[in-house]
Amino acid sequence: MDDVSAQDSAQDETDLEAAAALAQLATALSDAAAPNESDAPPVDETAVQAPAEPSAQSPRRFRRPRMMTAGLLRVPSIPPLARTWLRRATVVALSVAIVLGLSAATPLPKLGPPAPTAALAAASPTAPGPSPSQSPSASPAASTSEAPSPSPSPTLEWHPTATTTHTSPIASITFHNLMLDSATDPTHTARTFTFTSDGPGIVSASIVATSPSDSTTICIKAEDGTDFCQSGATPELNQETVRTHSLWTVTLVSANASTPTVDVALAWPADSPSISIIHGRFQGSPNPDSLRTLAATFRTRAGGPLSLIAAWPHATADAILTLTDISGSRELALDSKSYAAAESIAPGYSHNAVAAHTYKIVLYNEGANVAPTDLAATIAFP
């Protein structure tokens, strides 16, 4: 039995604890299976008192096998040789059973880190990722086990991860008679508008009129995103926004050597609409009105103050501001302000507007011609 125990411990080098438990069990089984006094045949008292004379010719008496106790199990006694083989067979069988039980209950120690394929790592959510030494192209299954990620839409690349369910009414305004610079002029500047949208919705910018009919390039961009541009007589751009607030920029320039005069319409979701223009023209007589005027029309969604602030730095002008209600069939003049030899409207202009009315605000330079001057202005309305 010691031989059996030594062989098992030599074969199971990967599990020292199982081998030790097996050795102890084998020793216990060996002690339990060893012959003891209870296994000895009973002594016949009659034979002790009057032993029979041995006879070579008398047959050997058949002796009824006695019961042998092994723990709680009682089995008939068997010849010594058979008993020895039975002990060894029992020990081997129990040893195998114990080893299998320990192997199933206790994981064997790993001799080295597993090397799962990329396909198994991708198929199992708990599988460890590939080690840094593994090449991503080591297993062709790695490219087929993962679904390809869709490329982000170029129109949505500036969207944040967080969206909003807040919706805002659409604000709209149209700027009239803007003379554009030629794209071939080395000193040209683009008429530039900026505004902030609120909540999800569509932001649009389009050329609604041009004189003469010529090609204009219009571009729209959200914050630090990409410019989306279109050229033509009446180009139109529409972009979706899902952000709580987005800062937008729209630019206009002639697509060629001409300098057309255009009307541009802008619309965006806004709680309190406000829009600014820079690089507008604000020159005096005898220039055409398209170089002397800032004019815009818009419709209010609620009652409240509308306002205009404007400045043309590094120059003075005799400016006139007029406000007209054009909601009905006849225009209704509401207000007029004069600013003599001024560099800006100071303080800004304000008027209490009525809900659902269309207004036209005009800032006009009636003075003498001055050098090309950039006009910056902001219009806000309810």
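My aim in this report is to walk through the structure given alongside it, one point at a time. The model shown is predicted, which means the values in this text are computed figures rather than measured ones.

**Re the overall build of the protein chain**
Across its full length, the protein chain carries six helices and 18 strands. The buried share of the protein chain, taken over its 382 residues, is 33%. Across the protein chain, every contact between residues at least 6 apart in sequence was considered, and the portion connecting residues at least 24 apart equals 78%. Working note: accessible area of the protein chain is about 22600 Å², and carbon and sulfur atoms make up 58% of it.

**Side note on the packing of aromatic side chains**
Using the criterion set out here, one finds five aromatic pairs in the structure. Seen from their ring centres, F175 and F193 are 4.8 Å apart, and the 45° between their planes marks the pair as tilted. Taken together, the residues F175 in strand 3 (residues 170–179) and F193 in strand 4 (residues 191–198) connect sequence positions 18 residues apart. We classify F175 as buried; its relative accessible area is 1%. Joined through ring pairs, the aromatic side chains of F298, Y359 and F381 make up one cluster.

**So, empty space enclosed by the protein**
In this approach the atoms are scanned with a rolling probe the size of a water molecule, which exposes any empty space left behind. Within this structure, the stated rule accounts for one cavity of 30 Å³ or more. Quantified by volume, the largest cavity comes out at close to 70 Å³. Around the largest cavity, the lining residues are L178, M179, R191, I277, G280, R281, S290, T293, L294 and L375. Put simply, the parts of the chain that give the lining of the largest cavity at least two residues each are strand 3, strand 11 (274–281) and strand 12 (293–299). Here the lining of the largest cavity takes three residues from strand 11, the largest share from any one element.

The rules behind the values
- Residues numbered from 1 in each chain as written.
- Predicted model: local features only at pLDDT ≥ 70, side-chain atom pairs only at ≥ 80, totals over all residues.
- Heavy atoms only, no water.
- Helix = DSSP H or I, 4+ residues; strand = E, 2+ residues; numbered from the N terminus.
- Buried < 20%, exposed > 50% of the residue type's maximum accessible area, 1.4 Å probe, protein only.
- Contact = heavy atoms within 4.5 Å.
- Areas by Shrake-Rupley, 256 points an atom, 1.4 Å probe, with all protein chains shown as cover.
- Phe/Tyr/Trp six-rings, centres within 6.5 Å; stacked < 30°, edge-to-face > 60°.
- 1 Å grid on protein atoms, 1.4 Å probe; cavity = no way out; pocket = protein on both sides within 12 Å on 5 of 7 lines; lining within 4 Å.
- Points joined across faces, edges and corners; volume = space filled by probe spheres on them.

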